[in-house]
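If you want the building blocks of each chain, they are given just below.
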Amino acid sequence: MEPIDPAFMALLDEEYEKFKVTDSHSLLKKHLTQEVFDKIKHRVTAEGATLHDCIKSGLANPDSNIGLYAADAESYILFQELFDPVIDEYHGGFEPSQFHPISDFGDPIDLGDLNELGNYVLSTRVRCARSIEGYPFNPLLSSEMYAELEQDVGYALEDLEGDLSGKYRSLKDISSEEQEELLEKHLLFKQGDRFLEAAGASRFWPEGRGIFLNENNTLVVWVNEEDHMRIISMQEGGNIGEVYERFVRAVTILGERLPFSSSERLGFLSFCPTNLGTAIRASVHIRLPLLGEDRQTLEETAAKFNLQVRGTSGEHSEAEDYVFDISNRRRLGLTEMEALKEMYDGIREIIQLEIDMEEGNSQCRKKSY
Ligand code: ADP
Ligand code: CIR
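Here the residue numbers are simple positions, counted from 1 along each chain's written sequence. All chains are assigned letters beginning at A, and all ligands numbers beginning at 1, according to the order in which they are written. With the structure being a predicted model, the display of local features is reserved for residues of pLDDT at least 70 and the display and counting of side-chain atom pairs for 80 or more, all residues being used for whole-chain, interface and lining totals. With hydrogens and water set aside, each side-chain value is computed from the structure's full complement of heavy atoms.

Student: How should I be thinking about the sheet that holds strand β9 (residues 307-310) in this particular structure?
Tutor: Sheets are built from strands paired through backbone hydrogen bonds, the pairs being either parallel or antiparallel. Pairing between two strands is assigned when DSSP locates at least 2 bridges connecting them. Secondary structure counts use DSSP, requiring at least four H or I residues in a row for a helix and at least two E residues in a row for a strand, with both numbered from the N terminus. Ordered by their spatial adjacency, eight strands build an open sheet running β2-β3-β4-β5-β1-β8-β10-β9, and the pairing between neighbours is antiparallel. Because the sheet does not close on itself, it has two edges, and the strands there are β2 (166-170) and β9. The mean angle between the axes of side-by-side strands here comes to 20°, regardless of whether they run parallel or antiparallel. Strand direction decides the pairing type here: strand β4 (residues 219-223) and strand β5 (residues 229-236), joined by five bridges, are antiparallel. When the sheet's bridge partners are listed, Val221 is paired in β5 with Ile231. Think of each axis as a best-fit line through the C-alpha atoms, taken over the contacting stretch in the case of a helix, with angles from 0 to 180 degrees between the N-to-C directions.

Student: How should the domain arrangement of the protein be read in this particular structure?
Tutor: It is common to report an interface's size as the accessible area lost on association of the parts. In this document the domain limits rely on a domain assignment from an automatic tool or a database. Entries for the protein in the domain assignment read domain 1 (6-90) and domain 2 (108-357). For domain 1 and domain 2, the distance between their C-alpha centroids amounts to 26 Å. The term buried area denotes the loss of accessible surface (1.4 Å probe radius) that occurs when two parts are joined, taken as the sum for both partners. Carbon and sulfur atoms supply 61% of the area buried between domain 1 and domain 2, which totals about 2,100 Å² over both sides. Counting the surface domain 1 buries against domain 2, the share from its top three residues, Tyr69, Tyr76 and Tyr90, is 37%. A side-chain nitrogen of Lys or Arg and a carboxyl oxygen of Asp or Glu constitute a salt bridge if their distance falls within 4 Å. Linking domain 1 with domain 2 are two salt bridges.

Student: Which parts of the structure should I look at to understand the site of ligand 2?
Tutor: Residues in contact with ligand 2, as listed here, are Ser64, Asn65, Ile66, Gly67, Tyr69, Tyr90, Cys272, Thr274, Gln308, Arg310, Glu315 and His316. Throughout this description, a polar contact denotes any pair of N or O atoms lying within 3.5 Å of each other; where both atoms belong to protein, one of them has to be capable of donating a hydrogen while the other can accept it, and for residues adjacent in sequence the pair is counted only when both atoms sit in side chains. In this structure, Tyr69 approaches ligand 2 through a side-chain N or O atom, which is 2.6 Å from a nitrogen atom. Separating a nitrogen atom of ligand 2 from a side-chain N or O atom of Gln308 is a distance of 3.2 Å. For the accessible areas, the method is Shrake-Rupley and the probe is 1.4 Å, while residue cover comes only from the protein chains on display. Surface burial for ligand 2 is 95%, taken as the share of its 340 Å² of free accessible area covered by protein chains. Under the convention adopted here, Pro, Cys and the residues Ala, Val, Leu, Ile, Met, Phe, Trp and Tyr are nonpolar, Asp, Glu, Lys and Arg are charged, and Gly plus all remaining residues are polar. Broken down by class, the residue content of the shell around ligand 2 amounts to four nonpolar, six polar and two charged. For the shell around ligand 2, the domains that each give at least three residues are domain 1 (6-90) and domain 2 (108-357). Any residue with at least one heavy atom within 4 Å of a molecule or strand is counted as near it.

Listed below in structure tokens is the structure:
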């Protein structure tokens, strides 16, 4: 690889100087110390990824939570002085000497219905990110690569059988009205996310982007949005066992048809360092009027069970009518079933807490009569 152009280096230095004095709480800000920056700033991966490719989203958006993306699989190794501490902190302890466990999806039957105690969960969703070996991630993909990737994934999605069978459609063949409808139903990715745009993930849009839906919209695959693939299983209600069973079947079949990118240490590899290892986010849309009024207790309880709270329309959105998106935070350093159990157990505790608060309120009401 060519050494970095001095003019480009000067620009990177300048951007870093400005970033250093921002009031950012991102993990990028915390871990890209002057020492680390100086050590890794001249490096370039075999495919041409620079440090700037990995940090440009965080530099442009000081309000990022993380602020870091891998421009290709090699970035995780070449820029490890930066990625390792970010990965360690986000996934709740994953030191450079640690290895992600061997994949174990477990038995979905071990997960019951989250609405056993009452109808709190409106819908349940399990998704994973997957990348295809041989292709870099967004910032380095050419328009031709997007088209090729779409074709490869499109073939793999053909001839899925039974409840998994459905249709892949390119984004450019879906009218803006229909895209809006799909977005409202939480089936389609949103467009114009400033964190992804600044990361170089919206180049050549809508080239190569699209969505697969099975007949009843319970299996969804996103192509070339944040990752080469997002495989999603979802349905109304709290039956996480059913959602996960469908998810495991779909991921297993697609994994037999496509070479998913992985590493011995980090498990499945994807664009964002939050989506390594299992790359699974298991979430519920849950209505919590009382905990919703006491956001501090909600956040503290979620954190205690390694859960993350998002708004109704996903990351960086607000909760509407007390409907929160709550999911497992850790995806690396534990098996698939452990990640699911972490979400399952934590959500049950949160539901119990909401019930206790309701009962506490009704006791108070009774006393005041
Ligand atoms: P991702 O889950 O793919 O990392 P987002 O947080 O942006 O990214 O969520 C993507 C979409 O999935 C959003 O529309 C969000 O509302 C929706 N979503 C997440 N969890 C659920 C759920 N349990 N039920 C319905 N929709 C969900
Ligand atoms: C950020 O840094 O806020 C965005 N790039 C998204 C990071 C992944 N999401 C998350 O941990 N909540």
